[in-house]
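Given next are the chains, with one letter for each unit.
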Amino acid sequence: PLPPRIFVPFEATNSATIKIKGFAEAKVKVELYKNEISIGSTEVSENGDFLFDKIDLSAGDNYFSAIASTDKSGNSDESEIIKVVYDTVAPSLTLTNPSEESLSVDSIDFDIVGKTDKGSSVLINNKIVKVDDNGDFKEKWQLTIGKNDLVVIARDDAGNETKKSISITYSL
């Protein structure tokens, strides 16, 4: 048979258990491998799809592949290898400006400056902020008169988050 195709909708997760779906020739047996060790097999449906439910992940990198087989024609070649990272550690988030949780200013424009882990994304009040290759970010924020409550979130590829709340009071 032809090699099966396996699919995982993400490259990283903070969930210890995932589902792996795939396609192969109808009625063949598909064996799933995690880090080159067989972790189970299933029969492919008439439609050519299959599902491995409740697959446990190990911390860090997990590599999955599959092989289809029939009694008559033996084993297929190995599928493409899929990597899934299991990560439960929230990214770092340091604000250098402002360094305090609340402050008062007399300028309408305020630069929010900080650093997070390389590869993480940053949102300020749900607005995406550009983060450079080193994890540094700087966003000019236009304040309104009075109290401005801002929530800064650093999020990694697995969905782990670190939040910091700041309150900036702008007065003329």
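By convention here, each chain's residues receive numbers from 1 onward along its written sequence. Since the coordinates come from a predicted model, pLDDT governs what is reported: local features require at least 70, and pairs of side-chain atoms require 80 or more to be given and counted, while whole-chain, interface and lining totals use all residues. To obtain the side-chain values, all non-hydrogen atoms of the structure were included, while hydrogens and water were left out.

Colleague: What am I meant to see in the packing of aromatic side chains here?
Modeller: Two descriptors summarise a pair of aromatic rings, namely the distance from one centre to the other and the angle between the planes of the rings. Pairing of aromatic rings covers Phe, Tyr and the six-membered ring of Trp, with a centre-to-centre limit of 6.5 Å; geometry is then stacked below 30 degrees between planes, edge-to-face above 60, and tilted otherwise. Enumeration over the complete set of coordinates arrives at 2 aromatic pairs. Measuring from ring centre to ring centre gives 5.5 Å for Phe-7 and Phe-23, while their planes differ by 70°; the resulting arrangement is edge-to-face. Highlighted residues: Phe-7 in strand E1 (residues 5–7) and Phe-23 in strand E3 (residues 17–23), separated in sequence by 16 residues. Residue classification places Phe-7 among the partly exposed residues on the basis of a relative accessible area of 33%. An angle of 75° between the planes, with centres 5.8 Å apart, marks the rings of Phe-50 and Phe-52 as edge-to-face. Per residue, the accessibility class of Phe-50 equals that of Phe-52, and both read buried. Helix and strand labels come from DSSP, where a helix needs a run of H or I of at least four residues and a strand needs a run of E of at least two; each type is numbered from the N terminus. Each residue is placed in one exposure class: buried if its accessible area under a 1.4 Å probe, protein chains only, is under 20% of its type's maximum, exposed if it is over 50%, and partly exposed if it falls in between.

Colleague: Hey, could you run me through the pattern of salt bridges in this one?
Modeller: It is possible for side chains of opposite charge to pair when their charged atoms get near one another. Whenever Lys or Arg places a side-chain nitrogen within 4 Å of a carboxyl oxygen from Asp or Glu, that contact is recorded as a salt bridge. Scanning the entire structure with this criterion turns up 8 salt bridges. The shortest N-O distance in the salt bridge between Lys-138 and Asp-111 comes to 3.7 Å. Of this pair, Lys-138 sits in strand E15 (residues 136–142) while Asp-111 is found in strand E12 (residues 109–116), placing the two residues 27 residues apart along the sequence. Between Lys-115 and Asp-136 there is a salt bridge; the shortest N-O distance is 3.4 Å. Placement of Lys-115 in strand E12 and of Asp-136 in strand E15 is noted, with a sequence separation of 21 residues between them. The class for Lys-115 is partly exposed, based on a relative accessible area of 37%.

Colleague: How should I be thinking about the environment of Tyr-63 in this particular structure?
Modeller: Checked against the element boundaries, Tyr-63 lands in strand E7 (residues 60–70). Under the relative-accessibility criterion, Tyr-63 is labelled partly exposed at 37%. When residues no more than four places from it in sequence are discounted, the contact partners of Tyr-63 are Tyr-33, Lys-34, Asn-35, Ile-81, Ile-82 and Lys-83. A polar side-chain atom of Tyr-63 sits 3.5 Å from a polar atom in the side chain of Asp-61. Here, residues are in contact when the closest pair of their heavy atoms is within 4.5 Å. Two N or O atoms form a polar contact when they lie within 3.5 Å of each other; inside protein one atom must be a possible hydrogen donor and the other a possible acceptor, and for residues adjacent in sequence the pair counts only when both atoms belong to side chains.

Colleague: Honestly, the sheet that holds E3 in this entry has me stumped. Any pointers?
Modeller: Each strand in a sheet pairs with its neighbour through backbone hydrogen bonds, running either in the same direction (parallel) or in the opposite one (antiparallel). In this analysis, strands are considered paired if DSSP registers two or more bridges between them. Read from one edge of the open sheet, 3 strands run E1-E3-E6, paired in antiparallel fashion. Both edges of this open sheet fall to E1 and strand E6 (49–56), since each of them pairs with a single strand only. Within this sheet the neighbouring strands show an average axis-to-axis angle of 25°, counted without direction. Strand direction decides the pairing type here: E3 and E6, joined by 6 bridges, are antiparallel. For helices, the fitted line uses only the C-alpha atoms of the stretch in contact; every axis is such a line through C-alpha atoms, and the angle between N-to-C directions lies from 0 to 180 degrees.

Colleague: I keep staring at unusual backbone geometry and nothing clicks. Help me out?
Modeller: Glycine aside, a negative phi is what most residues show, and trans is what most peptide bonds show. Note that the residue after Asn-97, namely Pro-98, is joined by a cis bond; omega there is 0°. The residue Pro-98 is located in the loop between strand E10 (93–97) and strand E11 (102–105) in this model. Phi is positive for Asn-35, close to 50°, though the residue is something other than glycine. With respect to the secondary-structure elements, Asn-35 resides in the loop between strand E4 (29–34) and strand E5 (37–43).

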